[in-house]
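Working through the structure, step by step
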Amino acid sequence: MAKFIQKYLSFLISIVLYFNFSGHTFCYGSESNYLKNELMNPPNYVGQLAFYIFNVKQFGAKGNGFTDDSKAFQAAFQAACKVRGGVMLVPSGTFLLQPITFYGNNCQRYFTWQVYGLIVAPPNISGWKGISYHYQWILFSGFSKGITIQGNGVVDGRGNAWWGKSRNPPHVKHLENHLISPTSKKTLNNPFIAIRIAKSYKVTVRGIKIQNSPRMHIFLDECQQVTISGLTILAPQESPNTDGIHISHTQHVEIYNSTIGTGDDCIGILTESSDVRIHDVHCGPGHGYSIGGLGLNNQEAHVTNVHVYDSTVAYTLTGVRIKTWPGGSGYVNNITFSHITMTNVKTPIVIDQNYCNGKKGCTWTSKNAVAISGVTFENIIGTYSYQPASLVCSVYKPCTNILMGTINLTPSGRSGSPICQNAYGRVLTNTTPSLKNCLK
Ligand SMILES: *[C@@H]1O[C@H](CO)[C@@H](O)[C@H](O)[C@H]1NC(C)=O
Ligand SMILES: *[C@@H]1O[C@H](CO)[C@@H](O)[C@H](O)[C@H]1NC(C)=O
Ligand SMILES: *[C@@H]1O[C@H](CO)[C@@H](O)[C@H](O)[C@H]1NC(C)=O
């Protein structure tokens, strides 16, 4: 009887919760239902909706391309953030922003940054304020109750002012393995991630275009439940360190229906990240889909449960790759790359446990390595320009449980042979080229 009452009660409670929640959803939109279908057209400001839309122009933004609109953006954000389902609207126009931080700690649920206009960085290096300590250009931090960034607008980091300059800071390479507190004032001659989203939960990024970042385009750290779709990221092939999306200390991520072409990794997955699904993404030019580099400076790293599928890679340095520095520890486990089409990729399939990123004198300096196991390469087809596969694993920590099947890679230029060192596993089908002698 008690059990029955308990069940009955929990049923009643769930009904009450359901109506309560859907009531709010109706009024405010869990992801602003009203805006959900409004990626491409600015919404009409009608009736009850007006009270939660905060247009940066109403807060003094000029949108003329040269006036600093940072203060107006901050004011519009503070207002939008106070309201449940608040929308900070960036209408058409060109808005210049200095490095800016939006702290979401005190925001209500479901904040949305709706971008239809063009947002630009200062036009040259001396035009940037606070470059000695800012780690990024636009930072969203602490949105524990959800954040959506969407629209058909463009965010342009005007990176050509930085590329090729000697300010190619050493820190940038180390960023991969360092978690810098968003509030850190540590001196960093180290710009600039275009958009960084940190310490946030239920993050949605949809539809916008991000281009020409000084360095990385999107950096996600310490986030959970991230959905990125319909995104375009573009920077010239020769621009240095302009990775598309980097994920660090972040779990439960889906990235799909997006196009990324830059001078570095299209997507990089760094330590303490897991449950990452990437599909229907077009990558190139750039360096492909990468896990790592992990284990720099003898650090411990963990990456698990990554699936990249139904995607393409074209005109890149590598296609799908796992890269770890000698001397690190920890593990990479349960990684699947499947149904990936390669076009003229220099080396489509790569595991490199001796990754040194061009650092001098870097060899097997230590018996330690980030252990790599449970990696599946399945249905990888297309063309390569240098060699089809390169699996370079440590003699001390060999790669284990590597599975390869339905691989058909033919040369578009040089006809290289696969390289395989200390890799254990199974080849499940006939492959082109033959990988039979590749895995032990
Ligand atoms: C750099 O940009 C600023 C505007 O932010 C401008 O006032 C200045 O003249 C520019 N300097 C150079 C050297 O182009
Ligand atoms: C994919 O993204 C584009 C924008 O880049 C959008 O127009 C299209 O509707 C999206 N398709 C799906 C199936 O989501
Ligand atoms: C391996 O990762 C996939 C996601 O890519 C996940 O669905 C699956 O449960 C994981 N397997 C194990 C044993 O954790």
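Residues numbered from 1 in each chain as written. Chains lettered and ligands numbered in written order. Predicted model: local features only at pLDDT ≥ 70, side-chain atom pairs only at ≥ 80, totals over all residues. Heavy atoms only, no water.

Next up on the list: the sheet that holds strand S23 (residues 318–324). Pairing is parallel across the open sheet formed by eleven strands, whose spatial order is S5-S8-S11-S14-S17-S19-S21-S23-S25-S27-S29. Each of the sheet's edge strands pairs with one partner strand only, and the pair in question is strand S5 (100–103) and strand S29 (419–421). Adjacent strand axes in the sheet meet at a mean angle of 15 degrees, parallel and antiparallel pairs treated alike. When S23 meets strand S25 (residues 347–352), the two strands line up parallel, connected through five bridges. Counted as the bridge partner of Val320 is Ile349 from S25. (Pairing = 2+ DSSP bridges. Helix = DSSP H or I, 4+ residues; strand = E, 2+ residues; numbered from the N terminus. Axes fitted to C-alpha atoms, helices over the stretch in contact; angles between N-to-C directions.)

So, on to the pattern of salt bridges. Should their charged atoms come close, side chains of opposite charge can pair. A complete count under the given rule lists seven salt bridges for this structure. A salt bridge links Arg321 to Asp265, with the nearest nitrogen and oxygen atoms 2.9 Å apart. Of this pair, Arg321 sits in strand S23 while Asp265 sits in the loop between strand S18 (251–261) and strand S19 (267–269); the two residues are 56 residues apart in sequence, bridging distant segments of the chain. In terms of burial, Arg321 and Asp265 fall into one category: buried. Three or more residues joined by partner-sharing salt bridges are found here, namely Glu254, Asp275 and Arg277. (Salt bridge = Lys/Arg side-chain N within 4 Å of Asp/Glu carboxyl O. Buried < 20%, exposed > 50% of the residue type's maximum accessible area, 1.4 Å probe, protein only.)

So, on to the site of ligand 1. Close contacts around ligand 1 come from Pro123, Asn124 and Gly127, and that covers them all. In this structure, Asn124 approaches ligand 1 through a side-chain N or O atom, which is 2.4 Å from an oxygen atom. The protein chains hide 30% of the 360 Å² of surface that ligand 1 would expose on its own. (Near = heavy atom within 4 Å. Polar contact = N/O pair within 3.5 Å; in protein donor to acceptor, adjacent residues only side chain to side chain. Areas by Shrake-Rupley, 256 points an atom, 1.4 Å probe, with all protein chains shown as cover.)

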